[in-house]
Amino acid sequence: MSKSLICSCEDVTADDVRHAVSRGYCDVESVKRYTGFGTGICQGKSCLSAVAALLEKEKALAPDAVVPFTPRPPLYPTELRLLATAPVDESVPPVGGVPQEVEVFASALRPTEPLPAKAKVVIIGGGIMGLALAYNLARAGETDVVVLERGYLCAGASGRNGGGVRMQWGTPALVELAKRSIDLMKGFARELGINVWLRQGGYLFMARTEAVARKLERNVTLHNRFGVPTRLVTPDAARDIVPGLTMKNCVAASFNPEDGVIFPWPFLWGYAQGCRKKGVRVETYTDVKGFEVSGGQIRKVKTDRGDIACDTVVLAAGAWSPEVAKLVGVQLPNEPHRHEILSTEPLKPFLGPLVSVLDSGLYFSQSMRGEIVGGMGDPKEPAGLNMGSTLRFVSRFAQALMEQLPQVGHVKVLRQWAGCYDVTPDNNPILGRTPGLDNLLQMSGFVGHGFMMAPAVAERMAQWMATGESDELFTRFNLRRFSEGSIEREDMIIG
Amino acid sequence: MRRLKDAPSRGRAITVDLEGESIPAIEGEPVACSLIAAGESMLARSVKYHRPRGPYCFAEACSHCLMRVDGLPNVYTCRTPAREGMKLERQNAFPSAKVDVFETIDWFFPKGLDHHEMFAGVPVAEQVMAKVARQLAGLGLLPKEPAPAPPPTRTLRTRVAVVGGGSAGLAAARVLTDQGVPFLLFERADHVGGRLAHGAPESGAPAMEDVATFAPDSVRLRATALGLYDDEHGRYLAVGAWEPEGPRLLKVYAERFLLAPGGHPPTVPFENNDLPGVYAGRAASLLLRRYDVAPQVAALVGWGPELYALAALMEDRGVKVAAVVDLRSAPPPGVHALAAQGSEPKAHGLRHVSAFSYTTTSGARQKVSCDAVLVSVPVSPSFELARQGGAKVGFDSARGLFHVAADADGRTESKEVFVAGDVTGGGTAKQAAEAGRRAAQALVGGLS
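Predicted, not measured: the structure shown is a model, and the values here were computed from it. (Residues numbered from 1 in each chain as written. Chains lettered and ligands numbered in written order. Predicted model: local features only at pLDDT ≥ 70, side-chain atom pairs only at ≥ 80, totals over all residues. Heavy atoms only, no water.)

(A) How the structure looks around the packing of helix α6 (residues 281-291) of chain B against helix α7 (residues 305-316) of chain B. All names here are of chain B. Between α6 and α7, whose axes approach to 10 Å, the crossing angle comes to 30 degrees. Comparing their axes, α7 and α6 come out roughly parallel. When you trace α6 past α7, the crossing you get is left-handed. Across the interface between the two elements, Gly281, Arg282, Ala284, Ser285, Leu288 and Arg289 of α6 pack against Glu306, Leu310, Leu313 and Met314 of α7. A per-class count over the contact of α6 with α7 returns five nonpolar, two polar and three charged. (Axes fitted to C-alpha atoms, helices over the stretch in contact; angles between N-to-C directions. Helix = DSSP H or I, 4+ residues; strand = E, 2+ residues; numbered from the N terminus. Parallel < 35°, antiparallel > 145°, perpendicular 65-115°, else oblique. Left-handed = near helix turned anticlockwise from the far one by under 90°. Contact = heavy atoms within 4.5 Å. Nonpolar A, V, L, I, M, F, W, Y, C, P; charged D, E, K, R; others polar.)

Next comes the structure, spelled out in structure tokens:
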């Protein structure tokens, strides 16, 4: 069949690019994500300029707005076993990271049409939280909503996570939210017309120490109480679930077959399209610069495209939330922490569940496209907005992965990237009204697992906002808890 | 493609194993080159539509030549030296690449497909699709055995790290040598020279620098720059180097980085541009000049001076040129008897190119028989390392290319990073050499 290929690694045609533009995805980063061009083995070497030229020629983009997608290391596919040999000094914190990714959006990408002068609700942050909330508000009848996003959809943590979704949490509140979220994910395509490729291959958590093993044991009791079928498994049973797994230095494991992985990006597109259909404005490449406050209320949100008068402001900017809150004099206890992640060449299916060593934070899964996607937190990572990539991470990750799955040594890494976790002192989110600034609602602090919580959290929050009925979620996780005492720490954090 | 009859012996004749069949090859030459010279031009099926694929770029910049080699998936056969008994398998086909039932997918979706919206929310169909998609996705199989551990990473320190041993990189190395500045030059290929060694010869091209006159061990071949990283000790280049005992990772700290990696052969979107028998222009000149492998009859399409230089090179070695189509402008007078401006190029053939057609300026369709379509356009600058090092990247809308923003001396936004040659937007080999010299001089002036 005659076809005009523009990205031959991923079989993307020139018509596919035009189709993405017709859906409203015009900038290079968005077209990359929507069509998949540049995400294959060559990582854009042969296709990037052709796509950029097509977008410019067909006037999807002004010449100044044609910027390449971020070139991520490694430049050529590189075996995990080779990367694993890079020396790592665990005694010092990781520094640096390339390429520079914070503050990089070209001003030519900023839309030129005016923003509405006023709106009932302004949501700051066009990640999964903000978009899911806007969609749920619109569904509840509130469509006078504007979502402000500083970059493209998927620019923040919502577009950078590994796509894991699980019910295996350590506190009842998160187990319930996650369970509801996964239910909503199952119906997402039906409701919003876009596939999210949920694959319930389970989550296998491994413990290296008796203390962590006991934690898994406690979790099983908790999960079962909520109808989550988590079970403890022996090392041998774990090896049956994941052929080739060594379980080296691991004493126990837990497995919930109903956990899984999804493809994160379509959630943002689906929610954004759903919002726009209902009349909600989703404004990308629009940065919040300040606020106008009087009488203990925010009156206006100031942006680089003008001001919006509003009744309610929702702060859902993830790791950027403390920075935005500071503009209005609110001190949030959250801190951004870089977390790195990588993706390998795509292989035929060999790995069912997402596997995680709870003690080290190592996690890996196989995506729908066949890539091994995984990461591992660095205990020395300093606080700060940083989305650069390091060789230190790939080396630590490759070593830890090969310890558990030795036959991946020849598998080649195609790209590495990073995103920021939005870390709170108790690993739990910050939700609800801001003390002293009544019409500023918080929706942040999800510590790297906001993606999987968002559908359920947004559903509850929209309900709470629309009806005014009380919901314990917004008192339990209120900002007040940090000054008033009682906090319950979530300790099932990985990555 | 075939090996020219007048080809001198370039190595030991060996055989490699292609799915159980013995195929003649030349030891040490890229195994994809041996395969196409032996008439085996379909090396793979594409990931989604299972379209036949054969090598295109010979530069590790596409994915058309990926095969399973000695049990390892997705190996670039365009850069893998042939070895006696090497086992080669085509990937992503059932039951075989020659008769692949999944080719039907290509016919079902004539314009492309939106996997986001396909069957979205349709009960049952959605679940079935997810199961089928997972089985169809992926390329290659996980190796069965654990990999042997490579030797430990070696950390090197030098004053200047040069990436690329083409016209620009070699000219820079000459300046550094003459000024007594220690440097290390990393070249991805198994030979230096870039297009001086394997491009279509340009008039006025500089003579190739003699690497033997540089300090011993300052030029590393088969050494691929993977990233320009930083850590607690400063900025360094991560390099994957092929050493006699296998691959080794190098961390190369330097005070300055002179990046002259050239560019990637880009895709030019036209109908059937991925058919086996369609080659990048620089691949065609490489195959001819280094391995004496060439088509019988070639149609050339593209724009820029390299297009006409390639036509001259082909005819010089006895290849019949059936068409030279300039997609941008009327050809300069006298460049080639057949040169014509045209549009809407198309490759024809079921499993391999058998013809080429285009629309002439008068609007008529012109079709010629050929066994290869050679796509010669300016290379797409390899800006990745420079951008990682902090340089700015701009878009040249007239040429449709990204390039690293630099001043006339190759200075970028980042004081440690200098660039020269095609990475700044392309030009002749002579201009690249001049830029390499200027950049080397400028960066030496800034060294303490």
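(B) Structural context of helix α12 (residues 391-404) of chain A. Residues and elements named next belong to chain A. Here α12 contains 14 residues, and its C-alpha end-to-end distance of 20 Å stays within 8% of the 20 Å for a straight helix at 1.5 Å per residue. The buried fraction of α12 is high, at eleven of 14 residues. Within the sequence span of α12, burial applies to Leu391, Arg392, Phe393, Val394, Ser395, Arg396, Phe397, Ala398, Ala400, Leu401 and Gln404. Where α12 begins, one side-chain oxygen reaches toward the backbone nitrogen of Phe393, 3.1 Å away; that side chain belongs to Thr390. (Expected span 1.5 Å × (residues − 1). Buried < 20%, exposed > 50% of the residue type's maximum accessible area, 1.4 Å probe, protein only. Polar contact = N/O pair within 3.5 Å; in protein donor to acceptor, adjacent residues only side chain to side chain.)

(C) Quick peek at the interface of chain B and chain A. Each partner contributes residues to the interface: chain B has 97 residues there, and chain A has 90 residues. Here chain B packs against chain A, burying approximately 7800 Å² in sum over the two surfaces, 59% of which is carbon and sulfur. The three residues of chain B that bury the most area against chain A are His116, Arg134 and Leu142 of chain B, which together make up 11% of that side's buried surface. Inspection of the chain B/chain A interface yields five salt bridges. For Glu117 of chain B, the salt bridge is made with Arg23 of chain A, and the minimal N-O distance between the two is 2.5 Å. Connecting chain B to chain A are 46 residue pairs in polar contact (both at pLDDT 80 or more). The residue makeup of the side of chain B that touches chain A, split by class, is 49 nonpolar, 25 polar and 23 charged. (Buried area = accessible area lost by both parts, 1.4 Å probe. Salt bridge = Lys/Arg side-chain N within 4 Å of Asp/Glu carboxyl O.)

(D) Broad picture of the environment of Val242 of chain A. Residue and element names in this part refer to chain A. Here Val242 is to be found in the loop between α9 (235-241) and β9 (252-256). Assessed through its relative accessible area of 1%, Val242 is described here as buried. In the structure, Val242 is positioned 19 residues away from Val261 in sequence and 16 Å away in space, judged by C-alpha atoms.

(E) Local environment of the sheet that holds strand β7 (residues 203-207) of chain A. Residue and element names in this part refer to chain A. Spatial strand order, β3-β19-β15-β18-β17-β16-β7-β9-β8: nine strands in an open sheet with mixed pairing. The sheet terminates laterally at β3 (78-79) and β8 (231-233), the two strands that pair on one side only. Pairing of strand β15 (residues 335-346) with strand β19 (residues 412-423), which is carried by ten bridges, proceeds in the antiparallel orientation. Paired with His337 across the two strands is Tyr421, which belongs to β19. Those strands touched by α12 are β7, β15, β16 (354-357), β17 (362-366), β18 (371-375) and β19, and its axis lies near 70 degrees from that of β17. (Pairing = 2+ DSSP bridges.)

(F) Fine view of the domain arrangement of chain B. Residues and elements named next belong to chain B. The domain architecture assigned to chain B consists of domain 1 (2-136), domain 2 (154-264 + 380-446) and domain 3 (278-376). Placing a centre on the C-alpha atoms of domain 1 and another on those of domain 2 gives a separation of 32 Å. Listed by partner, the interface residues are five residues for domain 1 and four residues for domain 2. Between domain 1 and domain 2 lies a buried interface of about 370 Å² when both sides are counted; carbon and sulfur atoms form 34% of it. Between the two partners, domain 1 and domain 2, sit one salt bridge. Residue Glu60 is joined to Arg188 by a salt bridge in which the shortest nitrogen-to-oxygen separation is 2.8 Å. Between the two partners, domain 1 and domain 2, sit two residue pairs in polar contact (both at pLDDT 80 or more). (Domains from an automatic or database assignment.)

(G) Spatial organisation of the packing of helix α4 (residues 167-178) of chain B against helix α9 (residues 429-446) of chain B. Residues and elements named next belong to chain B. In contact at an axis separation of 7 Å, α4 and α9 are set at 40 degrees when each is read in the N-to-C sense. As the angle between them shows, α4 and α9 are arranged oblique. Relative to α9, α4 is oriented so that their crossing is right-handed. Across from Ser167, Ala168, Ala171, Ala172, Val175 and Leu176 in α4, the residues of α9 making contact are Ala429, Ala432, Ala433, Gly436, Arg437, Ala440, Gln441, Leu443 and Val444. Considered class by class, the residues forming the contact of α4 with α9 number eleven nonpolar, three polar and one charged.

(H) Structural view of the sheet that holds strand β3 (residues 21-26) of chain B. Residue and element names in this part refer to chain B. Here five strands make up an open sheet; going across it, the order is β3-β2-β8-β6-β7 and the pairing mixed. Both edges of this open sheet fall to β3 and β7 (72-76), since each of them pairs with a single strand only. Within this sheet the neighbouring strands show an average axis-to-axis angle of 45 degrees, counted without direction. Where strand β6 (residues 66-69) meets β7, three bridges bridge the pair, whose relative direction is antiparallel. The partner of Leu66 across the bridge, within β7, is Tyr76.

(I) Representation of the pairing of strand β20 (residues 339-348) of chain B. Note that strand β19 (residues 320-326) of chain B and β20 of chain B share three bridges and pair parallel. Residue pairing for β20 of chain B: Asp326 of chain B is matched across the bridge by Gln341 of chain B.

(J) Quick peek at a nonpolar patch on the surface. Residue and element names in this part refer to chain B. On the surface, a nonpolar cluster with roughly 250 Å² of combined accessible area is contributed by Val124, Val128 and Val132. As for its position among the elements, Val128 is in helix α3 (residues 125-136). When its relative accessible area of 46% is taken as the criterion, Val128 is described as partly exposed. (Patch = residues over 30% accessible without salt bridge, like charges linked within 9 Å, V, L, I, M, F, W, Y side chains within 5 Å. Areas by Shrake-Rupley, 256 points an atom, 1.4 Å probe, with all protein chains shown as cover.)

(K) Expanded view of the domain arrangement of chain A. All names here are of chain A. For chain A, the domain assignment lists domain 1 (5-69) and domain 2 (107-160 + 265-334 + 426-484). Its C-alpha centre places domain 1 at a distance of 30 Å from the equivalent point of domain 2. Each partner contributes to the interface: domain 1 provides eleven residues, whereas domain 2 provides nine residues. For the pair domain 1 and domain 2, the two sides together bury roughly 950 Å², of which 67% comes from carbon and sulfur. The largest contributions to the domain 1 side of the interface with domain 2 come from Tyr25, Asp27 and Arg33, which together make up 54% of the buried area. For the interface between domain 1 and domain 2, the tally reads zero salt bridges.

(L) Summary view of the packing of aromatic side chains. Applying the stated rule across the entire model yields 22 aromatic pairs over all chains. Summarising the aromatic geometry, the rings of Trp265 of chain A and Trp269 of chain A are spaced 6.3 Å apart at their centres and angled 55 degrees between planes, so their arrangement reads as tilted. With a gap of four residues between them, Trp265 of chain A and Trp269 of chain A both fall in helix α10 (residues 265-277), about one helical turn apart. With respect to burial, Trp265 of chain A and Trp269 of chain A carry one shared label: buried. Ring geometry for Trp464 of chain A and Phe474 of chain A: centres 4.4 Å apart, planes at 10 degrees, overall stacked. Linking Trp464 of chain A in helix α13 (residues 450-467) with Phe474 of chain A in helix α14 (residues 473-476), this pair joins segments that are ten residues apart in sequence. Considered together, Trp464 of chain A and Phe474 of chain A belong to a single accessibility category, that of buried residues. Just above the ring of Phe477 of chain A sits the side chain of Arg476 of chain A; from NZ or CZ to the centre is 5.9 Å. For Lys251 of chain B, the ring lying beneath its charged end belongs to Tyr236 of chain B, and the centroid distance is 4.6 Å. (Phe/Tyr/Trp six-rings, centres within 6.5 Å; stacked < 30°, edge-to-face > 60°. Lys NZ or Arg CZ within 6 Å of the ring centre and 35° of its normal.)

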